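Each chain, written out:
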Amino acid sequence: MTTYDFDKPVDRRGTACVQWDGVAARFGVDGLLPFTISDMDFPSPPQVLDALRERIEHGVFGYTDWRLGEFRAAICEWHATRYGTELDPERIVYAPSVLSQLSQLLQMWTEPGDAVVVHTPTYDGFRKAVTGLGRELRGVPVGDAAGLERELARPDSRILLLCSPHNPTGRVWTEDELGAMARLAEAHGVAVISDEIHADLVHDGRRHLPWTRFAGERGRWALITSGSKSFNFPALTGSYGIVGDPQERAAFIGRMETGEGLASPSALSLTAHIAAYREAGPWLDALRSYVAGNLSMIADRLNGAFPVLDWTPPGAGYLAWIDLRPLGVADEALQRELIEREGVAVMQGGVYGAPGFVRLNVGCPRAKAEAGADALVRALTRLV
């Protein structure tokens, strides 16, 4: 059986890396140890790197078409084996990123001033996309079914923007929850956009259920996702989606290829997706196990120091979403301690509309994750 070394550090500085090289722009201090942007410090799978090398050796990078070659077939194979879901390759669309898909769908299905309903806390990329287009973002706390129904029933609510699994909490929605959302959306004539980019990172004991299981053959709904999160190649760009209605799907492709001028995708993105979905499943399984170990370590150290927190690792992903409100620590004071005395950068919950929380990215070697956990515990200890 192949083993993978996730303990080996990789120096990402000097690569125009947002998490490492961009830390001063976000936190005002250079040289901090970052636990911030939602990408990982691990190299992409060796299977993906081998495929990229082979493609680069070919040497010709002319215009490409995502409908040619094996891109859509690899996606269908992955969803069939991982989720037991049969996809029609003709229903697949391509875009440079999940957020670019979201932007196009918002422009297709809403007008300025219309409301888009999201769960709170909310991924900041959603907020920027929705409000940047002049739409109103309306939040409902995760788990508040009655609140969700009230918001979807409002006459100007046009879209339920679902994050499944949820970012930043790592919640994996149950079959009952997703079914109830589907029924509410249908009852109130609300379109659904389900961002499932974290789906492949669901941990043992949980099960991700794609929105395609709950949506009808037609109607305004879309599943948007990418292999870039799971296999750590977001800088290659590339995402794909499933758009329910054939006419809506054709309109989406038309907007991307004419209005946006994005007819030709990145050749390396197509190569990376195909290799990841066809060959790198074992790497992903090993990664999930390793990340689960990081999250378990966070729980042990945090709860050992502050039992009142009783923190439980998330159901999906490598982002530790931690409720620090029981400690009564001010966000500003904690941020000063972390930056000025510990030299670490951690995302504050206020970025996602939830003061009193922090989001700690532990998609990294164990030694770095331990350094972040210990820094957080020391800073909290001084403040408490």
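Here, every reference points to the structure presented above.
First, a word on what this report is: a plain description of the structure on this page. (Residues numbered from 1 in each chain as written. Predicted model: local features only at pLDDT ≥ 70, side-chain atom pairs only at ≥ 80, totals over all residues. Heavy atoms only, no water.)

Along strand 2 (residues 92-95), one buried face is formed by Ile 92 and Tyr 94 and the opposite face, lined by Val 93 and Ala 95, is buried too. Note: strand 2 against strand 8 (residues 239-243), four bridges, orientation antiparallel. Counterpart to Val 93 in the pairing with strand 8 is Gly 241. (Buried < 20%, exposed > 50% of the residue type's maximum accessible area, 1.4 Å probe, protein only. Helix = DSSP H or I, 4+ residues; strand = E, 2+ residues; numbered from the N terminus. Pairing = 2+ DSSP bridges.)

Quick look at helix 11 (residues 267-279) now. Over its 13 residues, helix 11 extends 18 Å from the first C-alpha to the last, a length consistent with the 18 Å expected when each residue adds 1.5 Å. Looking only at helix 11, the buried set comprises Ala 267, Ser 269, Leu 270, Thr 271, Ala 272, His 273, Ala 275, Ala 276 and Tyr 277. Those residues of helix 11 that are buried lie in contact with helix 3 (46-58), helix 4 (71-83), strand 2, helix 9 (228-231), strand 8 and helix 12 (281-305). (Expected span 1.5 Å × (residues − 1). Contact = heavy atoms within 4.5 Å.)

With that settled, the discussion passes to the sheet that holds strand 9 (residues 319-323). Adjacent strands of a sheet form backbone hydrogen bonds with each other and so pair up, either parallel or antiparallel. Spatial strand order, 1-10-11-9: four strands in an open sheet with mixed pairing. Single-partner strands in this sheet number two, and they are strand 1 (33-35) and strand 9. Averaged over all pairs of adjacent strands, the angle between their axes in this sheet comes to 30°, without regard to strand direction. Taken together, the three bridges between strand 1 and strand 10 (residues 344-348) define a ladder with parallel strand orientation. Residue Leu 33 lies in a different strand from strand 10, and its bridge partner there is Val 344. (Axes fitted to C-alpha atoms, helices over the stretch in contact; angles between N-to-C directions.)

For Thr 169, the position within the fold is in the loop between strand 5 (157-163) and helix 8 (175-188). A polar contact is formed between the side chain of Thr 169 and the side chain of His 166, at a distance of 2.8 Å. At 3.3 Å, the side chain of Thr 169 forms a polar contact with the backbone nitrogen of Arg 171. Those residues in contact with Thr 169, other than ones at most four positions away along the chain, are Pro 121, Pro 314 and Trp 321. (Polar contact = N/O pair within 3.5 Å; in protein donor to acceptor, adjacent residues only side chain to side chain.)

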